[in-house]
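# Survey of secondary and tertiary structure
Okay, here's what each chain looks like letter by letter:
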Amino acid sequence: MTTAPRKTVPGAVGTDGDSHRTPAAAPGAGGTGKTRRPRSYEALTGYLFVGPAVILFCVMGLYTVGYGFALSFATWNGFTPNWTWVGLDNYADLLWRSPVYAPRVRHAALNTLWVMIASPALTVAVSFPLAVLLNRVRRLQSVLRSVYFLPYVTSGVAVFFAWQYILQPDGAINYLLDSVGLGSLSQPQGWLGNPSTAMPTMIAVTVWGHVPVAMLLYLTGLQGIDRSVLEAAELDGAGWWRTNASVIWPLVRPITAIVMLLNLRESLQGFQTFLVMTNGGPGDHTNVLGLEAYRLAFLKNLAPTLGLASALGWILFAAALVLALINLRALRSKT
């Protein structure tokens, strides 16, 4: 007598103790599983998104920097097909050897040094008290903050031309001085036409443009100070002046270092204000190193001075780097 074969139900246990289960479907094998993209596909997608920015940086950044560095060792007027390699002659001509360029560079360096000393110091001296006063205001604080920040967001060239008009012989400054009986202080040549007042006036305009950012940085730092520290100072009998000088000022010292560094960099490399308002005049009394590099690059007609301009630019870069390292070292030692 023959016995019919048994049918095995999936998941059931047979009489011989063996379990017969169907294996689970692997993900991606069809059915309900989701197909997962390979990791290489995700990496390729990321590279495609980042690639244009990297290419643009290499072309506009690395290539330009390398090209300018190589040009600092050559003479070229920008039109001839080939450079003339001169090695370190451009640096020597700018620093001491050339009777034409070295005196101009030294004079511009002295003017730049005055700007580098006065501009950061005055910016800190003006912006910190403004931030302290603004931090105590409870009404219209956002409005006043916007008003103080207005010089920074206004178009630079338009503001410089406005200042140039105000400082003319018949401008608003002289008119205001005459109106209040201080006509002896007015400048018949204009504040930018008198060699003795041109550089101080330019420093004042530069500080006016730097104060908004510095003030907001200080204001951010003041609002981050723990209130209990100020209350402890008040309980110890410290007045307003003592609290700001002995408690608040040391706490915002890192912000002061940042403000100083930003102003030093701008004073060393910036020249737009001087270019628009005075173009280095009168008689090169407001000529700075950035403006001198601009002149060597673009205002010498077909003279082969692009190499000199590039060399001067790299000298400015090296000076800015040294100042940044000194400032960073001082900041670490203080904090």
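These lines cover the structure that appears in this document, whether it is placed above or below. Keep in mind that this is a model prediction, so the values were computed, not measured.

What counts and how
Every residue gets a number counted from 1 within its own chain, in the order that chain's sequence is written. Note on the predicted model: pLDDT of at least 70 is required for a residue's local features to be given, and 80 or more for side-chain atom pairs to be given and counted; whole-chain, interface and lining totals, by contrast, use all residues. Think of the side-chain values as coming from all heavy atoms in the structure, minus any hydrogens and water. Going along the chain from the N terminus, every DSSP run of H or I of four or more residues is numbered as a helix, and every run of E of two or more is numbered as a strand. Burial classes: relative accessible area under 20% of the type maximum marks a residue as buried, over 50% as exposed, and values in between as partly exposed (1.4 Å probe, protein chains only). Whether two residues touch is decided by their heavy atoms; if any such pair falls within 4.5 Å, the residues are in contact. Angular values range over 0 to 180 degrees, each being the angle between N-to-C directions of two axes fitted as lines to C-alpha atoms, with helices fitted over their stretch in contact. When an angle is under 35 degrees it counts as roughly parallel; over 145 it counts as roughly antiparallel; between 65 and 115 it counts as roughly perpendicular; any other value is oblique. We call a crossing left-handed when the near helix sits turned anticlockwise from the far one by less than a right angle, and right-handed when that turn is clockwise. Polarity classes work like this: nonpolar for Ala, Val, Leu, Ile, Met, Phe, Trp, Tyr, Cys and Pro, charged for Asp, Glu, Lys and Arg, and polar for all others, with Gly in that last group. As used in this record, nonpolar core signifies buried Ala, Val, Leu, Ile, Met, Phe, Trp, Tyr and Cys residues forming a set joined through side-chain atoms within 4.5 Å. Salt bridge criterion: a side-chain nitrogen from Lys or Arg within 4 Å of a carboxyl oxygen from Asp or Glu. Any pair of Phe, Tyr and Trp rings, taking the six-membered ring for Trp, is counted once the centres come within 6.5 Å. Such a pair is stacked with planes under 30 degrees apart, edge-to-face with planes over 60 apart, and tilted for the rest.

## Looking at the overall build of the chain
- A tally of regular secondary structure across the chain gives 13 helices and 2 strands.
- Relative to its 335 residues, the chain shows a buried fraction of 33%.
- Excluding contacts between residues fewer than 6 apart, the proportion of contacts in the chain whose partners are at least 24 apart in sequence is 62%.

## Some words on the packing of helix α3 (residues 101–136) against helix α7 (residues 195–223)
- Direction vectors running N to C along α3 and α7 enclose 40°, while the axes themselves pass 6 Å from each other. When the axis of α3 is compared with that of α7, the two are oblique. Along this stretch, α3 crosses α7, giving a crossing that reads as right-handed.
- Split into classes, the residues belonging to the contact of α3 with α7 amount to 20 nonpolar, 8 polar and no charged.

## Topic: the nonpolar core
- Judged by nonpolar contacts, the single largest core of 18 residues is most densely connected at Tyr218, Leu222, Ile248 and Val252.
- With near-sequence residues (within four places) excluded, leucine 222 lies in contact with Ala131, Val132, Asn135, Ile248 and Val252.

## A short note on the side chain of serine 127
- Along the polypeptide, serine 127 turns up in helix α3.
- Judged by its relative accessible area of 0%, serine 127 falls in the buried class.
- Once you skip the residues sitting within four places of it in the chain, serine 127 turns out to touch Val211, Ala214, Met215 and Tyr218.

## Quick look at the pattern of salt bridges
- A full pass over the atoms with the stated rule returns 6 salt bridges.
- The closest approach of N and O atoms between aspartate 89 and arginine 97, which form a salt bridge, is 3.2 Å.
- Arginine 97 is the partner of aspartate 93 in a salt bridge, and the nearest nitrogen-oxygen pair spans 2.9 Å. Highlighted residues: aspartate 93 and arginine 97, both in helix α2 (residues 89–97), separated by 4 residues, approximately one helical turn.

## A look at the packing of aromatic side chains
- Under the definition given, this model contains 13 aromatic pairs.
- When the centroid spacing of 5.2 Å and the interplanar angle of 80° are considered together, the rings of tyrosine 67 and tryptophan 83 count as edge-to-face. Of this pair, tyrosine 67 sits in helix α1 (residues 39–71) while tryptophan 83 sits in the loop between β1 (74–75) and β2 (84–85), and the two are 16 residues apart along the sequence.
- On the basis of an interplanar angle of 70° and a centroid distance of 5.3 Å, the ring pair of phenylalanine 128 and tyrosine 218 is categorised as edge-to-face. Of this pair, phenylalanine 128 sits in helix α3 while tyrosine 218 is found in helix α7, placing the two residues 90 residues apart along the sequence. Each member of the pair phenylalanine 128 and tyrosine 218 is classed as buried.
- An aromatic cluster is defined as three or more aromatic residues linked by ring pairs; in this entry it consists of Phe69, Phe73, Trp85, Tyr91, Trp314 and Phe317.

## Quick word on unusual backbone geometry
- Omega for the peptide link from glycine 281 to proline 282 comes to -5°, which places this bond in the cis form.
- Locating proline 282 in the fold gives a position in the loop between α11 (272–277) and α12 (289–298).
- Unusually for a residue other than glycine, asparagine 279 sits at a positive phi of about 55°.
- By the element assignment, asparagine 279 lies in the loop between α11 and α12.
- On the basis of relative accessible area, asparagine 279 is assigned to the partly exposed category, the value being 37%.
- Residues other than glycine seldom take positive phi values, yet aspartate 284 does so here, at roughly 65°.
- Its location among the elements puts aspartate 284 in the loop between α11 and α12.

## Structural notes on the environment of arginine 265
- When you line up the elements, arginine 265 lands in helix α10 (residues 253–269).
- Under the relative-accessibility criterion, arginine 265 is labelled partly exposed at 41%.
- Distance from arginine 265 to alanine 324, taken between C-alpha atoms, is 8.3 Å for residues 59 residues apart in sequence.

## Some details on the environment of methionine 199
- By the element assignment, methionine 199 lies in helix α7.
- Methionine 199 gets classed as buried once you look at its relative accessible area, which sits at 9%.
- Measuring from C-alpha to C-alpha, the distance between methionine 199 and histidine 285 comes to 6.8 Å, with 86 residues separating the pair along the chain.
- Setting aside residues up to four positions removed in sequence, methionine 199 forms contacts with Asn111, Val115, Phe274, His285 and Thr286.

Nothing here speaks to function; it is geometry throughout.
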